[in-house]
Amino acid sequence: MHNEPFILLNKQFLSYNGWNDFSTKIVTGFTTKNGGNSIDGYETFNLGLHVNDDPNKVSSNRLKLSSLLEFPTSRWACTEQTHENNIIKISSEHCGLGAFNYNESIKGTDGLYTNDSNVLLTLCFADCVPLYFFSPSHHYVGIAHAGWKGSVKDIAGEMVRKWNDEGIDSKDIYTLIGPSIGSCCYVVDDFVIDYVKGLDINEGLESPIYKAINHGEYRLDLKRLNEQLLHKAGIPYKNIRSTSYCTSCEEGLFFSHRRDKGNTGRMMSFIGLKEEDSYI
Ligand SMILES: [Zn+2]
């Protein structure tokens, strides 16, 4: 794919290397559904602990990712995602919780960020939009989960405002929009579109974020919606990259909640800054 920012590094994950010029310590990526141990609808690299897969299989898949990334699970931050726009700042005390036991994960959190090294921020996905944030000058990384609910609650802008409150100018924040369901496969009704209309960002754009295809049926482009929300929060367009991958179209690579009718596994998005010395 031309200009596709995510590169398939091995069976298990895609990597984004666009920020490696700023930092050789940054790890940014998104897993595939391949190269793991799960079976029965979760074939094979399911990383979600909350989808009724065998927890031992999920744990072994998580350990595999940990070893591929050389990022120990004791340094992972894992959350219970609720399609809200709660964002928390992660420090050492949060690390390792929920890596193998979902009940121990950080409650009700769809966005997380840190300025500590050796913390891997993780979230689980099967069609929703992963948003990645990086401020090289301030040593901050962040990640957010934006389905249609998180998108219309503007979790994208919330993250930017949190960082602004910590003294980071929007122009010093770089963002990346990861693999999610595309407008090719995402049809929604008036209930959803009414919320999108409430955001007041479809006007004046060269191509619209949603398009009516039938009475009460619309194609919605969640990636572009989030791109516009990031821009509205002050992120320059040149600081926003976006993937062209659609999780529903790419059946060989990704789980898709819609395509698989709810019975499916989860991919994991991750970002962290390594401090190599601490692993010696
Ligand atoms: Zn598609």
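Residues numbered from 1 in each chain as written. Predicted model: local features only at pLDDT ≥ 70, side-chain atom pairs only at ≥ 80, totals over all residues. Heavy atoms only, no water.

Draft legend 1. Just the sheet that holds strand E12 (residues 210-214), in detail. Spatial ordering of the open sheet is given by E11-E13-E12, a layout of three strands whose pairing is antiparallel. Where the open sheet ends on each side, the last strands, each with one partner, are strand E11 (187-188) and E12. The pairing of E11 with strand E13 (residues 217-220) spans two bridges and is antiparallel. When the bridges of E13 are listed, valine 188 appears paired with tyrosine 218. Along the sheet, helix H4 (residues 190-198) contacts E11, E12 and E13; its crossing angle with E13, the most-contacted strand, is approximately 55 degrees. (Pairing = 2+ DSSP bridges. Helix = DSSP H or I, 4+ residues; strand = E, 2+ residues; numbered from the N terminus. Contact = heavy atoms within 4.5 Å. Axes fitted to C-alpha atoms, helices over the stretch in contact; angles between N-to-C directions.)

Draft legend 2. Layout of the sheet that holds strand E10 (residues 174-177). Spatially, E5-E6-E9-E8-E10-E14 is the arrangement adopted by the six strands of the open sheet, whose pairing is mixed. Each edge of the open sheet carries a strand with a single partner, namely strand E5 (87-89) and strand E14 (240-242). Neighbour to neighbour, the strand axes of the sheet diverge by 15 degrees on average, direction disregarded. With four bridges joining them, strand E6 (residues 111-114) and strand E9 (residues 140-146) adopt antiparallel strand pairing. By the bridge assignment, glycine 111 is partnered in E9 with alanine 144.

Draft legend 3. Broad picture of the coordination of the zinc ion. Summarising the metal site, the zinc ion is bound by the protein donors Cys184 (SG), Cys185 (SG), Cys246 (SG) and Cys249 (SG), whose distances to it range over 2.3 Å. Each of the four donor atoms around the zinc ion contributes to a set of angles spanning 104 to 117 degrees, which defines the coordination as tetrahedral. Coordination of the zinc ion draws on donor residues from a single chain, spaced C-C-x60-C-x2-C in sequence. On the criterion of sequence distance, the pair formed by cysteine 184 in the loop between E10 and E11 and cysteine 246 in the loop between E14 and strand E15 (267-273) is long-range, its members being 62 residues apart. Under the relative-accessibility criterion, cysteine 184 is labelled partly exposed at 44%. On the basis of relative accessibility, which here comes to 5%, the residue cysteine 246 falls in the buried class. (Donors = N, O, S within 2.8 Å, 3.2 Å for Na, K, Ca; no water. Tetrahedral: all angles 85-135°; square planar, octahedral: opposite > 155°, others 65-115°. Buried < 20%, exposed > 50% of the residue type's maximum accessible area, 1.4 Å probe, protein only.)

Draft legend 4. Broad picture of the environment of leucine 131. Mapped onto the elements, leucine 131 comes out in strand E8 (residues 129-135). With 128 residues separating them along the chain, leucine 131 and asparagine 3 place their C-alpha atoms 18 Å apart. When sequence neighbours within four positions are dropped, the list of residues in contact with leucine 131 reads Gly142, Ile143, Ala144, Ala146, Ala156, Leu176, Ile177 and Asn226.

Draft legend 5. A look at H4. Among all positions of H4, only Val192, Ile193 and Val196 are buried. The arc enclosing the buried residues of H4, seen along the axis, measures out at 95 degrees, which places them on a common side. Summarising the geometry of H4, the exposed residues directed more than 90 degrees from the buried face are Phe191 and Gly198. Where H4 is buried, its residues touch helix H2 (148-152), E11, E12, E13 and helix H5 (222-232). Just past H4, the residue aspartate 200 takes up positive phi, approximately 60 degrees. (Arc of directions from axis to C-beta.)

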